[in-house]
Amino acid sequence: MQIAKRMEVITPFYVMELLRRAKQLEAEGRDIIHMEIGEPALPTPELITQAGIEYISQGQVKYTPAAGLLELRQKISDFYWQRYQVKVSAERIFITPGASGAFSLALGVSINENDEVLLSDPCYPCNQNFIRLFSGAVKKIPVYAETAYQISAELLEQYWSDNTCAAVVASPSNPTGTIIDRTEFQRLIELIEAKQGTLFSDEIYHGLVYEEGVASALEFSDQVFVINSFSKFFGMTGWRAGWLVVPEQFIEATEKLAQNIFISTASHSQYAALAAFEEQTLQELEIRRQGFAEKRDFLYAELIRLGFKIPVKPAGAFYIYADCSVFTDNSQQFAEQLLEEIGVAVTPGKDFGENESGKYIRFAYTSTKERIAEAMQRLELFLINQ
Ligand SMILES: Cc1ncc(COP(=O)(O)O)c(C=O)c1O
């Protein structure tokens with residue numbers, strides 16, 4: 001028996017090691033403030049949970065069609081119309097086990113061996129590993145504050161080679177929370193189309209946006225893959241439900257792949273997700289969004305006050321990617337110190353790429369404002385005593 005060669009290029013999530021240590025410290029009785037985890041601390045909205053429980057209690061938890069419940073796909077289609085005034089037919093929408101499932105389907109149906117896929121550095125780390133898993137080649141574009149840590153049309157032009165077939169963007173982004181400006185997004189999509197390439201638009205943080213200007217790739221083209229999820233905005237991380245929008249000509253291939261790789265997304269999660277679009281749930285989520293906006297403003301102001309540099313104020317998601325180079329040139333060591341000495345868990349830049357990653361740490365503002373305030377007090381004391 002041997003471990004497959006491809007596993008040599010699959011990178012681990014370094015924060016998991018940090019999380020393991022955080023749990024260990026907690027077990028020893030230490031009070032740890034979690035700012036490393038990318039999931040809301042609040043529970044799944046009540047109506048969603050109830051819908052899931054009700055379905056399970058009937059005892060008939062069975063497969064659904066591979067593409068997902070038609071009723072749910074239709075609700076998502078209506079949602080695109082209400083939110084973005086974009087018509088997306090339910091047939092183009094596939095329900096998947098989270099954005100992760102959506103991304104694997106999208107790549108599986110559209111890239112060939114050694115096809116080069118462009119990604120920003122920093123970026124959400126798992127997507128590159130999916131590309132490697134499907135034998136594609138990852139090409140990173142170092143991005144900086146000048147382009148809001150996003151791939152611009154100019155950068156795309158510069159990095160696109162004869163082997164390039166696609167690009168991945170995430171707006172708002174993980175780890176930076178920044179968005180691609182609407183005009184730039186349109187230029188980017190037009191450029192990719194002119195090159196007959198593919199765009200994978202990761203829109204998992206849509207809904208968690210605190211400024212004007214975020215756009216869905218679907219507003220500009222129907223020849224894009226859009227990845228989304230019930231995990232973040234809808235507060236359903238552990239339910240493992242998301243969706244993928246595919247161009248019309250990929251419907252058949254996507255259905256075939258979905259049938260084979262996961263048969264169907266967990267049916268109770270799909271029935272639960274039906275309640276995500278109820279007016280009551282959407283109102284609750286809007287209140288939560290406002291809460292996140294407040295926490296973003298608070299954390300942003302506090303980090304600046306403490307001496308961190310944040311060249312672009314994040315417009316969405318629940319992260320601040322802060323430049324800590326005035327305090328250290330090794331953000332991983334800095335993150336470890338914060339955990340050990342003051343019980344504040346954050347994610348080092350290393351988890352998101354190689355580009356200046358030693359200068360950055362990511363703070364997630366997913367816990368309560370009180371806990372975030374407490375973390376900032378501890379951080380202030382730590383920095384004074386350094
Ligand atoms: C940018 C981005 N894309 C995709 C995912 C995967 O999300 P899920 O599979 O839970 O929907 C995450 C999770 O943190 C993310 O931050």
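Residues numbered from 1 in each chain as written. Predicted model: local features only at pLDDT ≥ 70, side-chain atom pairs only at ≥ 80, totals over all residues. Heavy atoms only, no water.

Peer 1: So what's going on with the nonpolar core? Which residues, and what values?
Peer 2: In summary, soluble globular proteins display a tendency toward joint burial of nonpolar side chains. Grouped together as the largest cluster of nonpolar side chains are 115 residues, with contacts concentrated most on Phe-230, Phe-234, Phe-308, Phe-363 and Leu-379. Counting residues in each nonpolar core, the second largest holds 7 residues, with Leu-18, Ala-22, Leu-339 and Ala-345 among its members. (Core = buried A, V, L, I, M, F, W, Y, C linked by side-chain atoms within 4.5 Å. Buried < 20%, exposed > 50% of the residue type's maximum accessible area, 1.4 Å probe, protein only.)

Peer 1: Describe the pattern of salt bridges, naming the residues involved and giving the relevant values.
Peer 2: It is possible for side chains of opposite charge to pair when their charged atoms get near one another. Applying the stated rule across the entire model yields 20 salt bridges. Among the ionic pairs, Arg-21 bridges to Glu-340, the shortest N-O distance being 2.6 Å. In this pair, Arg-21 sits in helix H1 (residues 14-27) while Glu-340 sits in helix H11 (residues 331-342), placing the two residues 319 residues apart along the sequence. A relative accessible area of 33% means that Glu-340 is categorised as partly exposed. (Salt bridge = Lys/Arg side-chain N within 4 Å of Asp/Glu carboxyl O. Helix = DSSP H or I, 4+ residues; strand = E, 2+ residues; numbered from the N terminus.)

Peer 1: Could you give an account of the sheet that holds strand E12 (residues 360-364), with specific residues and numbers?
Peer 2: The 3 strands are arranged E9-E12-E11 in an open sheet whose pairing can be described as antiparallel. In the strand order of this sheet, the two ends are held by strand E9 (319-323) and strand E11 (347-348), each with one partner. Summarising the sheet, E11 and E12 pair through 2 bridges and their orientation is antiparallel. Bridged to Thr-347 within E12 is Arg-362. Running at roughly 10° to E9, helix H10 (residues 279-306) makes contact with E9 and E12 of the sheet. (Pairing = 2+ DSSP bridges. Contact = heavy atoms within 4.5 Å. Axes fitted to C-alpha atoms, helices over the stretch in contact; angles between N-to-C directions.)

Peer 1: Hey, could you go over the pairing of strand E8 (residues 242-245) for me, with residue numbers and the actual values?
Peer 2: Judged by which residues are buried, E8 turns out to be covered on both faces: Gly-242 and Leu-244 on one side and Trp-243 and Val-245 on the other are all buried. Where strand E2 (residues 93-96) and E8 come together, 4 bridges link them in antiparallel fashion. The residue bridging Ile-93 from the neighbouring strand is Val-245, located in E8. Both strand E7 (residues 225-229) and E8 contribute to a ladder of 4 bridges, which runs antiparallel. By the bridge assignment for E8, Val-226 is matched with Val-245.

Peer 1: Describe helix H8 (residues 251-261), and please don't skip the residues or the numbers.
Peer 2: Those residues of H8 not exposed but buried are Ile-251, Thr-254 and Ala-258. The buried residues of H8 occupy an angular sector of 65° when the element is viewed end-on, so they sit on one face. Set apart from the buried face of H8 by more than 90 degrees, the exposed residues are Glu-252, Lys-256 and Asn-260. Looking at the buried side of H8, the elements it contacts are E2, helix H4 (98-110) and E8. The first or second residue beyond H8 is Ile-263, which carries a positive phi of 60°. (Arc of directions from axis to C-beta.)

Peer 1: Describe the site of the ligand, with residues and values.
Peer 2: Within the structure, the ligand sits among Gly-98, Ala-99, Ser-100, Tyr-124, Asn-174, Asp-202, Ile-204, Tyr-205, Ser-229, Ser-231, Lys-232 and Arg-240. Within the backbone of Ala-99, an N or O atom sits 2.7 Å from an oxygen atom of the ligand. A distance of 2.7 Å separates an oxygen atom of the ligand from a polar atom in the side chain of Tyr-205. Counting residues per element, the shell around the ligand draws most heavily on H4, at 3 residues. When its residues are assigned to classes, the shell around the ligand shows 4 nonpolar, 5 polar and 3 charged. (Near = heavy atom within 4 Å. Polar contact = N/O pair within 3.5 Å; in protein donor to acceptor, adjacent residues only side chain to side chain. Nonpolar A, V, L, I, M, F, W, Y, C, P; charged D, E, K, R; others polar.)

Peer 1: Quick one: what's the story with the environment of Glu-340, residue by residue and with numbers?
Peer 2: In the structure, Glu-340 is positioned 331 residues away from Val-9 in sequence and 30 Å away in space, judged by C-alpha atoms. With sequence-adjacent residues up to four places away left out, Glu-340 is seen in contact with Arg-21, Leu-25 and Arg-30. Engagement of the side chain of Glu-340 in a polar contact is seen with the side chain of Arg-21, the distance being 2.6 Å.

Peer 1: Give a description of the state of the cysteines that names residues and reports values.
Peer 2: Here the structure, examined in full by the defined rule, presents 0 disulfides. Take Cys-123: it sits in no disulfide, and the sulfur closest to it among the cysteines is that of Cys-126, at 9.6 Å. Residue class for Cys-123 comes out buried when judged on its relative accessible area of 7%. Accessibility expressed as a relative area gives 22% for Cys-126, which makes it partly exposed. (Disulfide = S-S within 2.5 Å.)

Peer 1: Which residues make up the sheet that holds E8, and what values do they have?
Peer 2: Spatially, the 7 strands line up as an open sheet ordered E2-E8-E7-E6-E5-E3-E4, and their pairing is mixed. The open sheet terminates on both sides in strands that have one partner only, identified here as E2 and strand E4 (137-142). Strand-to-strand twist across the sheet, computed as the mean angle between neighbouring axes with direction ignored, equals 20°. Alignment of strand E6 (residues 198-202) against E7, held across 3 bridges, turns out to be parallel. Bridging across to E7, Phe-200 finds its partner in Phe-225. Against the sheet, helix H7 (residues 182-194) engages strand E5 (164-170) and E6, with an angle of about 145° to E6.

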